[in-house]
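# Descriptive structure summary
Spelled out from the first residue to the last, the chains are:
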Amino acid sequence: MSIGTVSGQEFSEINVTPLTDVFLVLLVIMILIAPLIDKSELKIKPPETHNAKKPEESKGISIDIDKEGRIAINGRYIQSADAGTIQQAITDFRKRIGNKDISCTLNADGDAKQRDVVNVMTGAAAAGIKRMRVSTIQTNE
């Protein structure tokens, strides 16, 4: 059984060369357009607020530990690095802002002792902190 005749000749196979050419052209077009799709941006301008400023204290507690083991809570150094002192300082801060459920960010120097980091985490947990982020700061000397 033949598929068709062209000028008196019968052919039994489909010529795939034109089909392959079409696919190659489509592939080249996709390769050229693909990088442009990722670079498209939505130009959205966020709303600006002028009067509704959030107090810094309501954002959370920031605890810093340097490599000597000194601990600062929201920029104020505390006398002792034990868990009880840290708990008391965090509890006082929470009472001052209305005892809200706030998050805590622990910024520890890369050379800080593990004991100091564990003391801060223990004190924060005892003071009722449920969310804590820990980051390492590497100082260059």
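For clarity, every value in this text was computed on a predicted model and none was experimentally measured. (Residues numbered from 1 in each chain as written. Predicted model: local features only at pLDDT ≥ 70, side-chain atom pairs only at ≥ 80, totals over all residues. Heavy atoms only, no water.)

### Focus: the overall build of the protein chain
Along the protein chain, the regular secondary structure elements total 3 helices and 7 strands. Along the protein chain, helices (α) and strands (β) appear in the sequence β-β-α-β-β-β-α-β-α-β when read from the amino end. Counting only residues that meet the buried cut, the protein chain has 23% of its 141 residues in that class. Long-range contacts, defined as pairs at least 24 residues apart, comprise 65% of the intrachain contacts of the protein chain with a sequence gap of at least 6. When the accessible surface of the protein chain is summed, it comes to about 11100 Å², and 56% of that surface belongs to carbon and sulfur atoms. (Helix = DSSP H or I, 4+ residues; strand = E, 2+ residues; numbered from the N terminus. Buried < 20%, exposed > 50% of the residue type's maximum accessible area, 1.4 Å probe, protein only. Contact = heavy atoms within 4.5 Å. Areas by Shrake-Rupley, 256 points an atom, 1.4 Å probe, with all protein chains shown as cover.)

### Overview of helix α2 (residues 83–96)
Residues three or four positions apart in an α-helix share a direction because the helix packs 3.6 residues into each turn. With 14 residues, α2 extends 20 Å from end C-alpha to end C-alpha; this agrees with the ideal 20 Å at 1.5 Å per step. For α2, the full list of buried residues reads I86, I90, F93 and R94. Seen along its axis, α2 keeps its buried residues to an arc of 100°; they face one direction. (Expected span 1.5 Å × (residues − 1). Arc of directions from axis to C-beta.)

### Re the pairing of strand β7 (residues 131–137)
Two strands pair when backbone bridges link them, and strand β6 (residues 103–109) and β7 are joined in this way by 7 bridges, in the parallel orientation. Following the sheet pairing, D109 is matched in β7 by I137. Handedness of the crossover is the feature at issue here: the chain leaves β6, passes through helix α3 (residues 114–126), returns alongside β7, and the resulting connection is right-handed. (Pairing = 2+ DSSP bridges. Right-handed = clockwise from strand over helix to strand, strands pointing away.)

### Topic: the pairing of β6
Counting buried positions along β6 yields 7 of 7 residues, so the element is predominantly enclosed. Because side chains alternate across β6, one face comprises the buried residues S103, T105, N107 and D109, and the other comprises C104, L106 and A108, equally buried. Where strand β3 (residues 61–65) and β6 come together, 5 bridges link them in parallel fashion. Bridge pairing in β6 places S62 opposite T105.

### Quick notes on the pattern of salt bridges
In this structure the tally under the stated criterion is 2 salt bridges. Here D66 and R70 are joined by a salt bridge, their closest N and O atoms 2.7 Å apart. When its relative accessible area of 47% is taken as the criterion, R70 is described as partly exposed. The residue E68 makes a salt bridge to R70 at a minimum N-O spacing of 3.6 Å. The network of salt bridges with common partners includes D66, E68 and R70. (Salt bridge = Lys/Arg side-chain N within 4 Å of Asp/Glu carboxyl O.)

### Regarding the packing of α2 against α3
The relative placement of two packed helices is expressed as an angle between their axes plus a distance between the axes. At a minimum axis separation of 8 Å, α2 and α3 run at an interaxial angle of 45°. The angle between α2 and α3 places the two elements in the oblique class. The two elements α2 and α3 meet at a crossing, and its hand is right-handed. Counting all contacts with α2, which are made through A83, I86, Q87 and I90, the residues of α3 involved are N119, V120, T122, G123, A124 and A126. For the contact of α2 with α3, the class distribution of residues is 6 nonpolar, 4 polar and no charged. (Axes fitted to C-alpha atoms, helices over the stretch in contact; angles between N-to-C directions. Parallel < 35°, antiparallel > 145°, perpendicular 65-115°, else oblique. Left-handed = near helix turned anticlockwise from the far one by under 90°. Nonpolar A, V, L, I, M, F, W, Y, C, P; charged D, E, K, R; others polar.)

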